[in-house]
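Chain residues, written in single-letter form:
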Amino acid sequence: GAVVSQHPSWVICKSGTSVKIECRSLDFQATTMFWYRQFPKQSLMLMATSNEGSKATYEQGVEKDKFLINHASLTLSTLTVTSAHPEDSSFYICSARDYLAGVNTGELFFGEGSRLTVL
Amino acid sequence: DAKTTQPTSMDCAEGRAANLPCNHSTISGNEYVYWYRQIHSQGPQYIIHGLKNNETNEMASLIITEDRKSSTLILPHATLRDTAVYYCIVRPSNTGNQFYFGTGTSLTVIP
């Protein structure tokens with residue numbers, strides 16, 4: 001299957017700093033990517049839909065000014081957690097769909113996830 | 001917005017078939033059923049998907065009832081590496097392709 005890569009795999013930062021997580025589709029182009037967050041022992045929660053060349057669409061309750069998303073190319077989306085606090089510590093996962101796949105049938109390919117720990 | 005219901009957990013003996021049920025009684029006519037699994041601390045892995053016909057691939061089989069209100073994922077010969085959380089997702093076809101995850105079923109394969 002197609003490969004989605006995230007970087008970094010894990011990051012530890014101090015409270016108040018900003019952290020950027022990259023999501024790349026390695027062997028396909030993705031006009032749309034999705035960002036999820038997962039707390040321990042919980043399911044994945046969709047945070048936002050990242051659209052290449054336009055603004056991201058955020059799910060209800062997700063602060064757009066805190067979680068900045070940039071999708072500057074067909075293979076790269078970035079999530080920046082601004083002014084991170086301990087409650088932002090979580091497992092962040094991105095996913096992408098091959099835009100050449102059918103609208104109704106294409107599966108999402110997920111990255112390996114990035115574990116953020118804010119001290 | 002998850003529209004599926006799954007048992008919280010299940011056990012299966014190694015080598016036996018694992019049958020994971022999913023209820024999606026409010027599924028619409030053009031919505032697909034997808035199955036993913038997540039091994040601890042990894043990203044979800046695609047397993048299989050279907051619309052109304054039963055599907056089979058190298059990983060699993062998907063059985064969808066005739067009324068499409070429920071489905072069953074079958075792992076024919078479970079191994080210890082199949083221990084994971086399995087998510088059944090109903091994907092709307094007209095809302096930007098988002099996948100909303102429910103709570104999933106935690107499958108433990110027992111030696």
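Keep in mind that this is a model prediction, so the values were computed, not measured. (Residues numbered from 1 in each chain as written. Chains lettered and ligands numbered in written order. Predicted model: local features only at pLDDT ≥ 70, side-chain atom pairs only at ≥ 80, totals over all residues. Heavy atoms only, no water.)

**Q** Give me the lowdown on the pairing of strand β2 (residues 10-13) of chain A, citing residues and values where you can.
**A** Residues and elements named next belong to chain A. Alternating positions in β2 separate cleanly, Val11 and Cys13 being buried on one face and Trp10 and Ile12 remaining unburied on the opposite face. Sheet topology note: the β2/strand β11 (residues 114-118) ladder contains four bridges and is parallel. Bridge pairing links Trp10 to Arg115 in β11. (Buried < 20%, exposed > 50% of the residue type's maximum accessible area, 1.4 Å probe, protein only. Helix = DSSP H or I, 4+ residues; strand = E, 2+ residues; numbered from the N terminus. Pairing = 2+ DSSP bridges.)

**Q** Please set out the state of the cysteines residue by residue, giving values where relevant.
**A** Going through the model one piece at a time under the given rule, you end up with two disulfides over all chains. Each disulfide pairs two cysteine sulfurs, and for Cys23 of chain A the partner residue is Cys94 of chain A, the sulfurs being separated by 2.0 Å. Looking along the S-S bond of the Cys23 of chain A-Cys94 of chain A disulfide, the torsion reads about 80°, which is the right-handed sense. Taken as a pair, Cys23 of chain A in strand β3 (residues 19-25) and Cys94 of chain A in strand β9 (residues 90-96) lie far apart in primary sequence, 71 residues in all. By the burial criterion, Cys23 of chain A is buried, and Cys94 of chain A matches it. Two residues share a disulfide in this structure: Cys22 of chain B and Cys88 of chain B, whose sulfurs sit 2.1 Å from each other. Around the S-S axis, the bridge from Cys22 of chain B to Cys88 of chain B shows a dihedral of about -80° and counts as left-handed. Taken together, the residues span a long stretch of sequence, with Cys22 of chain B in strand β2 (residues 18-23) and Cys88 of chain B in strand β8 (residues 84-91) at a distance of 66 residues. No disulfide involves Cys13 of chain A; its sulfur sits 18 Å from the nearest other cysteine sulfur, which is in Cys94 of chain A. Cys22 of chain B supplies the cysteine sulfur nearest to Cys12 of chain B, a cysteine that is in no disulfide, at a spacing of 18 Å. (Disulfide = S-S within 2.5 Å.)

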